[in-house]
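Secondary and tertiary structure notes
The residues making up each chain are set out below.
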Amino acid sequence: MTVPRLLGSFAPGAAPAAANPLLVLLPSLGTTSALWDGVVTRLRADERTAGLRILRIDLPGHGASPAIADAITIGELADAVLAVVDEAGGGAFHVAGVSLGGAIALELAVTHPDRVRSLVMSCSGARIGSAQGWADRAASVRASGTASLVTGSASRWFAPGFLEREGGGPGARSLTTLVDVDDESYARCAETLADFDRTADLGGLRMPTLAISGGLDAVTTPASMEDFADAVPGARHVALDGASHLAVLEEPAAAAELIAQHLDRAERGGAASVARDRGMRVRRDVLGDAHVDRAIAATTPETAAFQDFVTRYAWGDIWARPSLSRRERSIATLASLTTGGHENEIAMHVRAARRNGLTRDEIAEVLLHTALYAGLPASNSALAIMRAVFAEQDAATSAPDGPAAPDTPDQTP
């Protein structure tokens, strides 16, 4: 296995933020990380994305990255990108790639789903072109150099009239950069796409995914990008009508806005996921696996949102706060339920209080104290429920081989 050494540029967040997520940007074959200049400038000026740490990485023999002579695979390029990410601090990251860069980003999403927080595929796909086409491209470059590709690349990369309208701007500079790309490195990178095909893996992707196409792109057409998005659960596809294959260079403002929206949604969704995971851990600790498993099994389409709400907010936010111990929260909860007359949930929280370390005497004392402020009838009812729970637990303890008595039904998961 040959993992090439890749280089690029890293920029910290341009504005203070509670968190500074990492965005990794990967260019297309024949271009450098400068392909993303227009997008990065706009992301830096956007308050939603100004705090991003941005890592741009060049392909082998392109821009800052050293040339290569040996054959490589998309998997090895993905590993090389991951090595650079780890050098920059590691952890999970958002990744966006154009064409070959998109294929590498997809490989990362498939093989390292725990590291990829969200995916942006611009003018790319799970399979690009044909094996014979890439073999012919590699042979042409080895014979005549990357300079021989300039005319063909200009027509593939850009919409008609774009180069004339921009007059020596980033499009023209990208064609000049193409001439400077190492010939053998270009050929080796082209060959990586010959047998790359992740079509069968798209249905298993779970990270937020955005597909951007150029409306005039004849290489990775809008139709092919729509098919890609349809195959990825929850993915979104947007075509930039006036652009071709290098849509992020031709339409940087539109591309930056799409990426900013995508990252904002992904970050908010990621925060909700963290709260959900934390809430599920606390919920199981306090209520017990058996109770939680039954609650989850009883979930219906109508109650799914309530289950998510309770897990994230009740258990993931409030019960997980450090200012009160779980013992103290159980005391407050029993007193509140008794005061409110929520008898259907008292049994569950008597059991929870025992799991949280309260003794039977302490639970009885809580209910006695609550009687002063909630009234005798409310506490009397709560004490009756408490006695029933203790009786169940005593019966379960005294039965030598029988299963534990199940929890009595309640409505709070």
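This section reports on the structure supplied with the text.

So, how was this worked out
- Per chain, residue numbering runs from 1 following the sequence as it is written.
- Owing to the predicted nature of the model, reporting of local features is limited to residues with pLDDT of at least 70; listing and counting of side-chain atom pairs is limited to 80 or more, with chain, interface and lining totals taken over all residues.
- Side-chain metrics rest on all non-hydrogen atoms present in the structure, leaving aside hydrogens and water.
- A helix here means a DSSP run of H or I that spans at least four residues, while a strand means a run of E at least two residues long, and both kinds are numbered starting from the N terminus.
- Each residue's exposure class comes from its accessible area (1.4 Å probe, protein chains only) as a fraction of the maximum for that residue type: buried when under 20%, exposed when over 50%, partly exposed otherwise.
- Angles here are taken between N-to-C directions and fall from 0 to 180 degrees, while the axes themselves are lines fitted to C-alpha atoms, restricted in helices to the stretch in contact.
- Roughly parallel means an angle under 35 degrees; roughly antiparallel, over 145; roughly perpendicular, 65 to 115; everything else is oblique.
- Helix crossings get a hand from a simple test, with the near helix turned counterclockwise from the far one by less than a right angle marking a left-handed crossing and a clockwise turn marking a right-handed one.
- Every residue pair with non-hydrogen atoms within 4.5 Å of one another is taken to be in contact.
- Residue classes follow a fixed rule: Ala, Val, Leu, Ile, Met, Phe, Trp, Tyr, Cys and Pro count as nonpolar, while Asp, Glu, Lys and Arg count as charged, and any other residue, Gly among them, counts as polar.
- Any pair of nitrogen or oxygen atoms within 3.5 Å is treated as a polar contact; in protein, a donor-acceptor pairing is required on top of that, and neighbouring residues in sequence qualify only through side-chain atoms on both sides.

The residue Ser99 is not glycine, and still its phi comes out positive at about 55°. Mapped onto the elements, Ser99 comes out in the loop between β4 (93-98) and α3 (100-111). Positive phi is not limited to glycine here, since Cys123 has a value of about 50°. Locating Cys123 in the fold gives a position in the loop between β5 (116-122) and α4 (131-144). Overall, the relative accessible area of 0% leaves Cys123 in the buried class.

We now examine the packing of helix α14 (residues 326-340) against helix α16 (residues 360-374). Running from N to C, α14 and α16 point in directions that differ by 45°, and their axes come no closer than 9 Å. By the angle class used here, α14 and α16 are oblique. Note that α14 runs across α16; the crossing there is right-handed. Here Arg327, Ile331, Leu334, Ala335, Thr338 and Thr339 of α14 lie close against α16, whose contacting residues are Glu362, Ile363, Val366, Leu367, Thr370 and Ala374. Split by residue class, the contact of α14 with α16 holds 7 nonpolar, 3 polar and 2 charged.

Moving on, we come to the side chain of Thr338. Within the element layout of this structure, Thr338 appears in helix α14. Owing to a relative accessible area of 1%, Thr338 belongs among the buried residues under this scheme. Among the polar contacts listed, one links the side chain of Thr338 to the backbone oxygen of Leu334, at a separation of 2.8 Å. Leaving out residues up to four positions away in the same chain, Thr338 has contacts with Ile346, Leu367, Thr370, Ala378, Ser379 and Ala382.

Before going further, it helps to examine the side chain of Arg188. Summarising the element assignment, Arg188 is placed in helix α8 (residues 183-192). From its side chain, Arg188 meets the backbone oxygen of Ala69 in a polar contact 3.0 Å long.

Moving on: the packing of helix α11 (residues 252-287) against helix α12 (residues 289-297). Running from N to C, α11 and α12 point in directions that differ by 125°, and their axes come no closer than 7 Å. Of the possible angle classes, the one that applies to α11 and α12 is oblique. Residues Met280, Arg283, Arg284 and Leu287 of α11 form the contact with α12, whose participating residues are Asp289, His291, Val292, Asp293, Ala295 and Ile296. Within the contact of α11 with α12, the residues separate by chemical class into 5 nonpolar, 1 polar and 4 charged.

So far we have only geometry, and geometry alone does not tell us how the molecule works.
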